Amino acid sequence: FMGVIVLLLQAGLAMIEVGSCRARNAQHVLVIKLAALCVSSFAWWSFGWSFAYGGSVGSDGFKEYFVGSDQLFARGFLRGTFLGQQEPTTRIQEWFFTWTFCAAAASIVSGGLAERAHLVGFCIHTVMMCCLTYPFVVANTWGKGWFAQSFTGPGFTDFAGAGIVHVTGGFAALAGTLMVGPRPDRWKNLGPLKRVSSLLDDSFAPHSVPLLLLGTFLTLLGWIGCNCGSTHSMSTAKNGFQAAQAAMNTVLAASAGGIFSLLLRGLISSKLETIAFCGGIRAGLVAITAAAVNVESGYAVVIGLIGALLYQLVSMLLKLMKVDDPVDAFAIHGIVGIWGILAAVFFDYGIGSDKFHGALGFECLGFDQWANQNTAECTGSLGLKPFAYSLAFLALIGLWSFEVSLISFAFLRLPGYIPPCRKKLKMDLLKVELPRALGASVPSVDTEYHYPLKAYVGEGAADWGVEGPFRNPYFHAI
C-alpha cells in the first residue's frame, strides 16, 4: 500500500516540473516524465533489482559478491511446489516498493534538463540510471554489499533515502544540466542581481503556480508514504510507533522549511513568493528523509529550517554561475540531501551522550547484544565514527552518480559533435534540436514534436507566441 502512496510522488514531481517551466513546452516535459517512469519499471525488472538486492548472502549477513546477478528478470520470485503450484515469495512485494524509490531517483534527473532533453536520449539515460547507477549504490548500502560490510558498527544512517535516492538523483541531474547547457537566451541581458531574482516577469518564469502548488501537495503526501513505508512492516508495535514518528517529523520539517523559505524570500524581495514556499517544503522533506526515525521532533524543525536555507543559497549560487536548473533539482535533492545525511548524525537521539541510534530508531546501537545478555549498556566510545562514515557514504554516492551520469550524457551528445553521425542522426540524442534557426522567435518543442500542438487548448490558444499563455485572456480566466 505504501508503494502506491509513494507513486503519488511521481505525479507531484511531474506537476512541479511542468508548472516551473514554460507552457509552450509543457507537453514535452510531461511525456518525458511519464516515459521515464515506464522505462524505469522495465529496467528495474530486468537488471536493476538483481544488481541491487540479488546475490547470495554469507553467514555474516552481507553479500558475498560485489553486486548480485541471480534474479535477473524476476527469476526466483515464484517457487514451484511438489504439487505443481506456484508459491510466491516476499520479493514480489519488495520489488514494487523498491521500484518506486528507483523511479524517484530517475525522475529527479529530468528536472535539471527540463525543456531541453530529447525523449530518446533521456530514456537511454533512465535505463543506465536504473540498471547501473542506482543499483550499484543500493547494492553496497541497503543491499548489504561492500560499503555496508566495510563500515560496520554505526555504519551510515539513511532511513528513507536522502543519500541513496536524492543525492544520487541530484548529482545525476547536475551532470545532465551541465552537459545539455542552458535554454536558449536564458541568461540574455541579465546581470548577476537579476539572475538571482525570482520576480522576473519574463518568458522563463514558471507558467503555472497552481500546478506547482498541486505538485507540492502530492509530493508531501507521497513523501509521508515513503518515510513511513520505510519501516517495511506494521506488524509490530515498534514499527507502528516508528512510522508515526516518521510522519510527525516529516510534516514538521516540511512545514518549517516552507515557512522559513517564504519569510527569507520576503525579506529579500518584499514579496510573498509561492515558488520559494513550495521549494522550501520540498527542501524540508529531503532534509528529514535520512533522520525520520532517529531525531526528536524539535530537531526535525531545525533540520527543515537549515535545509531550506541551503536550498535558497545554492539556488542563487547556481543562477550566478549561469547553471540553468528550472526546478532546483541539484540544490534541493543533491545539496539538501547531503545535509540530511549529516543531520541524522548531528541530531541523533543520543546527542549529548556516547550512545548512538542511527537507523535503529528508538533502539540504541548494541541493543540486541545487551538485551540478549541481560546487561544495560549501549555501544559507546564511537567518537567521530558516525560522522566519518557518513562522509565516506556521501563521497561514494556523489562521485559515482555524477561521474557515471556525466559520461553517459557525454556519449549521448557525441553524435551532435561528429559530423558523419550528425548528418545521419540529424539531431543530438540528448538535446532537443529545433529545426528553425534561433532568432527573433524560438520554436516550441510541443509544436514541433507533439500532438496536440499545445498542452493547453482553449479560446485563443492558437495565437500564443513565444511568451506562452501570459498574454492570453482565456488562460488567465481558468
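Anything mentioned here points back to the structure above.
My aim in this report is to walk through the structure given alongside it, one point at a time. (Residues numbered from 1 in each chain as written. Predicted model: local features only at pLDDT ≥ 70, side-chain atom pairs only at ≥ 80, totals over all residues. Heavy atoms only, no water.)

Moving on: the overall build of the protein chain. Looking only at helices and strands, the protein chain features 17 helices and 2 strands. Among the 478 residues that make up the protein chain, the fraction classed as buried is 54%. Total accessible area on the protein chain is roughly 20900 Å²; 67% of this is exposed by carbon and sulfur atoms. (Helix = DSSP H or I, 4+ residues; strand = E, 2+ residues; numbered from the N terminus. Buried < 20%, exposed > 50% of the residue type's maximum accessible area, 1.4 Å probe, protein only. Areas by Shrake-Rupley, 256 points an atom, 1.4 Å probe, with all protein chains shown as cover.)

Tallied over the full model, the rule gives 21 aromatic pairs. Both rings, one in Trp95 and one in Trp99, keep their centres 6.1 Å apart while their planes meet at 10°; by these two values the pair is stacked. You can see Trp95 and its partner Trp99 sitting in helix α3 (residues 91-112), 4 residues apart, about one turn around the helix. By the burial criterion, Trp95 is buried, and Trp99 matches it. Here the aromatic rings of Trp339 and Phe347 are separated by 6.2 Å at their centres, their planes lie at 80°, and the arrangement is edge-to-face. For Trp339, a relative accessible area of 11% puts it in the buried group. Residue Phe347 is classed as buried on the basis of its relative accessible area, which comes to 14%. A network of ring pairs unites the aromatic residues Trp44, Trp49, Tyr53, Phe77 and Tyr134 as a single cluster. Over the aromatic face of Trp187 sits the side chain of Arg186, whose NZ or CZ is 4.3 Å from the ring centroid. (Phe/Tyr/Trp six-rings, centres within 6.5 Å; stacked < 30°, edge-to-face > 60°. Lys NZ or Arg CZ within 6 Å of the ring centre and 35° of its normal.)

Below, the discussion takes up empty space enclosed by the protein. Considering all chains together, one arrives at 4 cavities of 30 Å³ or more under this definition. Looking at the largest cavity, its volume works out to about 70 Å³. Mapped by element, the contributors of at least two residues to the lining of the largest cavity are α1 (2-20), α3 and α12 (329-346). In the lining of the largest cavity, the residues fall into 5 nonpolar, 3 polar and 3 charged. Along the walls of the second largest cavity sit Glu17, His28, Val29, Ile32, Ser110, Leu113, Ala114, Glu115, Arg116 and Ala117, which together make up its complete lining. Looking at the lining of the second largest cavity element by element, the count peaks at 3 residues for helix α2 (residues 26-53). Classifying every residue of the lining of the second largest cavity gives 5 nonpolar, 2 polar and 3 charged. (1 Å grid on protein atoms, 1.4 Å probe; cavity = no way out; pocket = protein on both sides within 12 Å on 5 of 7 lines; lining within 4 Å. Points joined across faces, edges and corners; volume = space filled by probe spheres on them. Nonpolar A, V, L, I, M, F, W, Y, C, P; charged D, E, K, R; others polar.)

This part is about unusual backbone geometry. In the Ramachandran plot, Phe73 falls in the positive-phi region, its phi being about 55° despite a non-glycine side chain. With respect to the helices and strands, the residue Phe73 is situated in the loop between α2 and β1 (78-80). Unlike most non-glycine residues, Asp328 shows phi in positive territory, near 55°. Residue Asp328 is classed as buried on the basis of its relative accessible area, which comes to 10%.

Below, the discussion takes up the environment of Gln10. With respect to the helices and strands, Gln10 occurs in helix α1. As a C-alpha pair, Gln10 and Gly222 span 212 residues in sequence and 8.1 Å in three-dimensional space. If we skip the residues at most four places from it in the chain, Gln10 touches Leu37, Thr100, Ala103, Ala104 and Ser107. (Contact = heavy atoms within 4.5 Å.)

Bringing a nonpolar patch on the surface into the picture now. A grouping of Val31, Leu119, Val120 and Ile124 is seen on the molecular surface, where their side chains present a nonpolar patch of about 270 Å² in accessible area. Considering each element in turn, the nonpolar patch owes the most residues, 3 residues, to helix α4 (residues 119-139). For Ile124, the location among the structural elements is in helix α4. Judged by its relative accessible area of 40%, Ile124 is partly exposed. (Patch = residues over 30% accessible without salt bridge, like charges linked within 9 Å, V, L, I, M, F, W, Y side chains within 5 Å. Salt bridge = Lys/Arg side-chain N within 4 Å of Asp/Glu carboxyl O.)

Before going further, it helps to spend a moment on the side chain of Asp324. One can find Asp324 in the loop between α11 (297-320) and α12. Judged by relative accessible area, Asp324 falls into the buried class, the value being 2%. Polar side-chain contacts of Asp324 include one of 2.8 Å to the side chain of Arg183. Filtering out sequence-adjacent residues up to four positions away, Asp324 remains in contact with Gly112, Arg116, Thr177, Pro182, Arg183, Arg186 and Trp187. (Polar contact = N/O pair within 3.5 Å; in protein donor to acceptor, adjacent residues only side chain to side chain.)

Time to look at the packing of helix α10 (residues 274-289) against α11. Here α10 crosses α11 at 125°, and the two axes come no closer than 8 Å. Taken as axis vectors, α10 and α11 run oblique relative to one another. Here the hand of the crossing between α10 and α11 comes out right-handed. Two secondary-structure elements touch here, α10 through Ile275, Ala276, Gly279, Gly280, Ala283, Gly284, Ala287 and Ile288 and α11 through Ala300, Ile303, Gly304, Gly307, Ala308, Tyr311 and Gln312. (Axes fitted to C-alpha atoms, helices over the stretch in contact; angles between N-to-C directions. Parallel < 35°, antiparallel > 145°, perpendicular 65-115°, else oblique. Left-handed = near helix turned anticlockwise from the far one by under 90°.)

Next up on the list: the nonpolar core. General note: in soluble globular proteins, nonpolar side chains tend to be found buried as a group. Counting residues in each nonpolar core, the largest one holds 87 residues, and the members touching the most others are Trp44, Tyr134, Ile164 and Ile303. Broken down by element, this core gets its largest block of residues, 10 residues, from α3. If we ignore the near neighbours within four places in the chain, the residues touching Trp44 are Trp49, Ala52, Tyr53, Trp95, Thr98, Trp99, Cys102, Cys130, Tyr134 and Pro135. Residues Ala14, Met15, Val18 and Val29 belong to the second largest nonpolar core, which totals 8 residues. (Core = buried A, V, L, I, M, F, W, Y, C linked by side-chain atoms within 4.5 Å.)

What follows covers the packing of α3 against helix α6 (residues 162-180). At their nearest, the axes of α3 and α6 sit 7 Å apart, and the two run at 30° to each other. With respect to their mutual orientation, α3 and α6 come out roughly parallel. The handedness of the crossing between α3 and α6 is right-handed. Contacts from Phe101, Ala104, Ala105, Ile108, Val109 and Gly112 in α3 reach Val165, His166, Gly169, Gly170, Ala172, Ala173 and Thr177 in α6.

A few words on the side chain of Gln245. Examined against the element boundaries, Gln245 turns out to sit in helix α9 (residues 237-269). If near-sequence neighbours (up to four positions away) are discounted, Gln245 is found in contact with Ala292, Val293, Val295, Glu296, Ser297, Tyr349 and Phe362.

Counted at 1.5 Å a residue, the expected span for α1 with its 19 residues is 27 Å, and the 28 Å between its end C-alpha atoms agrees. Along α1, 14 of the 19 residues are buried, which leaves the element largely enclosed by surrounding structure. (Expected span 1.5 Å × (residues − 1).)

Time to look at the environment of Leu342. Topologically, Leu342 is positioned in helix α12. When the C-alpha positions of Leu342 and Asp158 are compared, they lie 9.7 Å apart, and in sequence the two are 184 residues distant. For Leu342, the contacting residues outside a window of four places in its chain are Phe387, Ser390, Leu391 and Leu394.

The values reported here are purely geometric and, on their own, carry no functional implication.
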